[in-house]
Amino acid sequence: MTKISHEVPKEVIGDPKKAQYTVNMNEIVGSHDILFICLDTLRYDVAYDQQEKENTPVLNKYGKWIKCHAPGNYTFPSHTAMFIGALPTRAEPIPLFEREKLFMPKDFSASLKTNPNAFLFEGGSFVEGLANVGYETICIGGVGFFNKRTPINSVLPNLFQKSYWHPSFSCHIPKSFENQLDFIEKKLMKYSSDQRIFMYVNIDSIHYPNSFYLEGSKEDNIETHAAALRYVDSHLDRLFEMFKKRGKTFVIACSDHGSCYGEDGYNFHCLSHEIVYTVPYKHFFLEEEYE
């Protein structure tokens, strides 16, 4: 009988000592507010193109997008994974233990080599883990999976201590992001700067429908997708300024999946096409601006 080996080659799993960590979450958690913004449905190719054309000046202040792979191909599975620490990973092949992780379940630390700079959280998600160490966790919903109108659409927002959704935040509302910002501003005023906050914002303006962001367009396409991103960028500084006023803030910005507009015959998402699973990602400190 052939003996089956369960050993994984070292070059596949890698060496944590060789990992290039950009931040130490153990120095961030407790000292910074954490703002997680998801530009729902944003494609990497569109984000990169608009970045290089300097059409997204606010996002460009904080470094270039990293080409990554999403953990899911539509909102629900992607967010379920991200909220337990499986944020988008770099598109290029990187050995398992050399990948940067910001959050990691403490339960896994006994069986996996732990990124020494990851925040080891206790609980069913890193959202709960942050609440366990004193953060007020707040969700600002956007797409339907955050509207709490059904049991399924309550799963993600129920991970948070406070979760909010309003019809004016919906993706079919042209000023949805501005409406979210008006609401966020009122909520943040209630918290002292001593109270650490973790806020997640599901920005759904790029999600279909987005044709109304480009004058004369009657249907969604890659150009209206880009126009929706420009709309979001034109208002992002307002959100960032709210957190700058509170103090030090660490920001995670990414997409949860992309969306096809006829490539190879595919349309929309919830399918495993390269356009769908390739997403932009970056993290940064608001007090640090890049040339």
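The structure this text deals with has already been given above.
Residues numbered from 1 in each chain as written. Predicted model: local features only at pLDDT ≥ 70, side-chain atom pairs only at ≥ 80, totals over all residues. Heavy atoms only, no water.

Visitor: Sorry, what's going on with the nonpolar core here?
Guide: For soluble globular proteins, nonpolar side chains are generally found buried alongside one another. Membership of the largest hydrophobic core comes to 39 residues, with the highest contact counts inside it found for L35, I37, M199, L236 and F240. Mapped onto this core, the elements with two or more residues apiece are strand 1 (33–39), helix 3 (44–52), helix 4 (57–60), strand 6 (136–140), helix 8 (176–188), strand 8 (197–203), helix 9 (222–246) and strand 9 (249–254). Tallying contributions element by element places helix 9 first for this core, with 10 residues. Apart from residues no more than four positions distant in its own chain, L35 is found in contact with M199, V201, L239, F240, F243, T249, F250, V251 and I252. With 33 residues, the next largest nonpolar core counts I28, M82, Y135 and I252 among its residues. (Core = buried A, V, L, I, M, F, W, Y, C linked by side-chain atoms within 4.5 Å. Buried < 20%, exposed > 50% of the residue type's maximum accessible area, 1.4 Å probe, protein only. Helix = DSSP H or I, 4+ residues; strand = E, 2+ residues; numbered from the N terminus. Contact = heavy atoms within 4.5 Å.)

Visitor: Honestly, the sheet that holds strand 2 (residues 66–69) in this entry has me stumped. Any pointers?
Guide: Two pairing modes exist for strands in a sheet, parallel and antiparallel, and in both the strands are linked by backbone hydrogen bonds. One open sheet holds the 8 strands; their spatial order is 3-2-12-9-1-8-6-7, and the pairing between them is mixed. Two strands close off the open sheet at either side, each with one partner strand: strand 3 (89–90) and strand 7 (162–164). Bridge count for strand 2 against strand 12 (residues 278–285) is 4 bridges, and the pairing is antiparallel. Bridging from a neighbouring strand, I66 pairs with Y281 of strand 12. Along the sheet face, helix 3 touches strand 2 and strand 12 and points at about 55° away from the line of strand 12. Set on the sheet, helix 9 makes contact with strand 1, strand 8, strand 9 and strand 12; between it and strand 1 the angle comes to about 170°. (Pairing = 2+ DSSP bridges. Axes fitted to C-alpha atoms, helices over the stretch in contact; angles between N-to-C directions.)

Visitor: Where do I start with the layout of surface pockets in this structure?
Guide: To find leftover empty space, one rolls a probe the size of a water molecule over the atoms. The computed volume of the largest pocket comes to approximately 700 Å³. Lining the largest pocket are 31 residues, and of these P88, T89, R90, R99 and E100 lie nearest its centre. Taken together, the elements giving at least two residues each to the lining of the largest pocket come down to strand 2, strand 3 and strand 12. Element by element, the count of residues in the lining of the largest pocket is highest for strand 12, at 4 residues. (1 Å grid on protein atoms, 1.4 Å probe; cavity = no way out; pocket = protein on both sides within 12 Å on 5 of 7 lines; lining within 4 Å. Points joined across faces, edges and corners; volume = space filled by probe spheres on them.)

Visitor: Can you walk me through the pairing of strand 1 in this structure?
Guide: The side chains of a regular strand alternate between both faces of the sheet. In terms of burial, strand 1 is largely enclosed, as 7 of its 7 residues are buried. Taking every second residue as pointing to the same face, both faces of strand 1 are buried, with D33, L35, I37 and L39 on one and I34, F36 and C38 on the other. Pairing of strand 1 with strand 9, which is carried by 6 bridges, proceeds in the parallel orientation. Within strand 9, the position partnered with C38 by the bridge is C254. Pairing of strand 1 with strand 8 involves 6 bridges; the strand directions are parallel. From the neighbouring strand, I37 faces strand 8, where its bridge partner is V201.

Visitor: Before we go on, may I ask you to explain the packing of helix 8 against helix 9 in this structure?
Guide: The geometry of a pair of packed helices is captured by two quantities: the angle between their axes and the separation between those axes. Remark: helix 8 packs on helix 9, axes separated minimally by 10 Å, with the N-to-C direction vectors making an angle of 5°. When the interaxial angle is binned, helix 8 and helix 9 end up roughly parallel. On the side of helix 8, the interface is formed by S176, F177, E178, L181, D182, I184, E185 and L188, while helix 9 contributes Y231, V232, H235, L236, R238, L239, M242, F243 and R246. In the contact of helix 8 with helix 9, the residues fall into 10 nonpolar, 2 polar and 5 charged. (Parallel < 35°, antiparallel > 145°, perpendicular 65-115°, else oblique. Nonpolar A, V, L, I, M, F, W, Y, C, P; charged D, E, K, R; others polar.)

Visitor: Sorry if this is basic, but what is going on with helix 9 here?
Guide: Residue pairs spaced three or four apart in an α-helix point in one direction, given the helix's 3.6 residues per turn. The end-to-end C-alpha separation of helix 9 is 37 Å, in line with the 36 Å expected for 25 residues at 1.5 Å each. The N-capping residue of helix 9, defined by a side-chain oxygen 2.9 Å from the backbone nitrogen of E223, is N221. Among the residues trailing helix 9, G247 stands out with phi positive, at a value near 135°. (Expected span 1.5 Å × (residues − 1). Polar contact = N/O pair within 3.5 Å; in protein donor to acceptor, adjacent residues only side chain to side chain.)

Visitor: Help me out: how do you make sense of the environment of E185 in this one?
Guide: Within the element layout of this structure, E185 appears in helix 8. On the accessibility criterion, E185 (36% relative accessible area) is partly exposed. For the pair formed by E185 and H207, sequence separation is 22 residues and the distance between their alpha carbons is 23 Å. If near-sequence neighbours (up to four positions away) are discounted, E185 is found in contact with R238 and M242.

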